[in-house]
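A structural walkthrough
Given next are the chains, with one letter for each unit.
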Amino acid sequence: MIKKATGFILLLTALLGFAFVVHTLLQHDLKIGSFENHVIINYCFNYILTIGFFITLLIFEKKKSNQLGFVFLAASTIKLILFLFILYPNIKEGAGLRSVEFTSFFVPYGISVVIEILYMLRILNSKDAQ
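The shown structure was predicted, so the numbers you read here are calculated from the model rather than taken from an experiment. (Residues numbered from 1 in each chain as written. Predicted model: local features only at pLDDT ≥ 70, side-chain atom pairs only at ≥ 80, totals over all residues. Heavy atoms only, no water.)

Let us look at the overall build of the protein chain. For the protein chain, the helix and strand inventory stands at four helices and zero strands. Secondary structure elements of the protein chain, listed N to C terminal, follow the sequence α-α-α-α. Within the span of the protein chain, comprising 130 residues, buried residues form 35% of the whole. Taking all contacts inside the protein chain whose residues are at least 6 apart in sequence as the whole, residues at least 24 apart take part in 78%. (Helix = DSSP H or I, 4+ residues; strand = E, 2+ residues; numbered from the N terminus. Buried < 20%, exposed > 50% of the residue type's maximum accessible area, 1.4 Å probe, protein only. Contact = heavy atoms within 4.5 Å.)

In structure tokens:
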């Protein structure tokens with residue numbers, strides 16, 4: 001479990017870190033402001049929740065491996081609900097949800113979900129092979 005978690009965290013850190021640098025450079029080039037529109041908060045929010053939910057999935061892997069897909073869907077739903085209750089009110093106070101703010105949430109969210117899916121597929125495929 002520790003090996004899977006470590007590999008996941010390293011990959012997530014590298015890809016989200018790279019995406020963050022590219023994202024902020026693009027915002028700077030577009031004269032939006034490198035760290036405007038809650039970019040740091042959104043990347044940290046997705047990073048922390050993704051790691052937490054992945055560790056939860058690893059725990060469920062041992063106990064209820066046949067329900068891992070449902071746990072993953074529940075974790076993704078909870079992540080979106082937390083976004084709506086925690087981060088969205090702060091965004092809404094400004095000019096509403098603009099495309100820049102939408103992007104600053106869904107880029108890290110999308111990367112996180114893709115990495116989670118790939119790791120879950122790897123775990124489920126290794127279970128099938130055994």
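Per-residue confidence for the protein chain gives a mean pLDDT of 81; residues scoring 70 or more make up 82%. Helix H3 (residues 68–92) is the least confidently modelled element of the protein chain, averaging 78 in pLDDT, while helix H1 (residues 2–29) averages 91, the highest of any element. (pLDDT = per-residue confidence, 0-100.)

Summed over the entire model, instances satisfying the criterion amount to nine aromatic pairs. For the ring pair Phe83 and Phe105, a centre distance of 3.8 Å and an interplane angle of 25 degrees mean the geometry is stacked. Linking Phe83 in helix H3 with Phe105 in helix H4 (residues 99–129), this pair joins segments that are 22 residues apart in sequence. Residues Phe83 and Phe105 agree in their burial class; the two are buried. Taking 5.7 Å as the distance between ring centres and 85 degrees as the angle between the ring planes, the aromatic pair formed by Phe106 and Tyr109 counts as edge-to-face. One end of the pair is Phe106 and the other is Tyr109, both in helix H4 and three residues apart, which spans about a single turn. The buried category is assigned to Tyr109, whose relative accessible area is 11%. Counting every residue linked through ring pairs, the aromatic cluster contains Phe45, Phe83, Phe105, Phe106 and Tyr109. Directly above the ring of Tyr119 sits Arg122, whose terminal nitrogen or CZ lies 4.8 Å from the centroid. (Phe/Tyr/Trp six-rings, centres within 6.5 Å; stacked < 30°, edge-to-face > 60°. Lys NZ or Arg CZ within 6 Å of the ring centre and 35° of its normal.)

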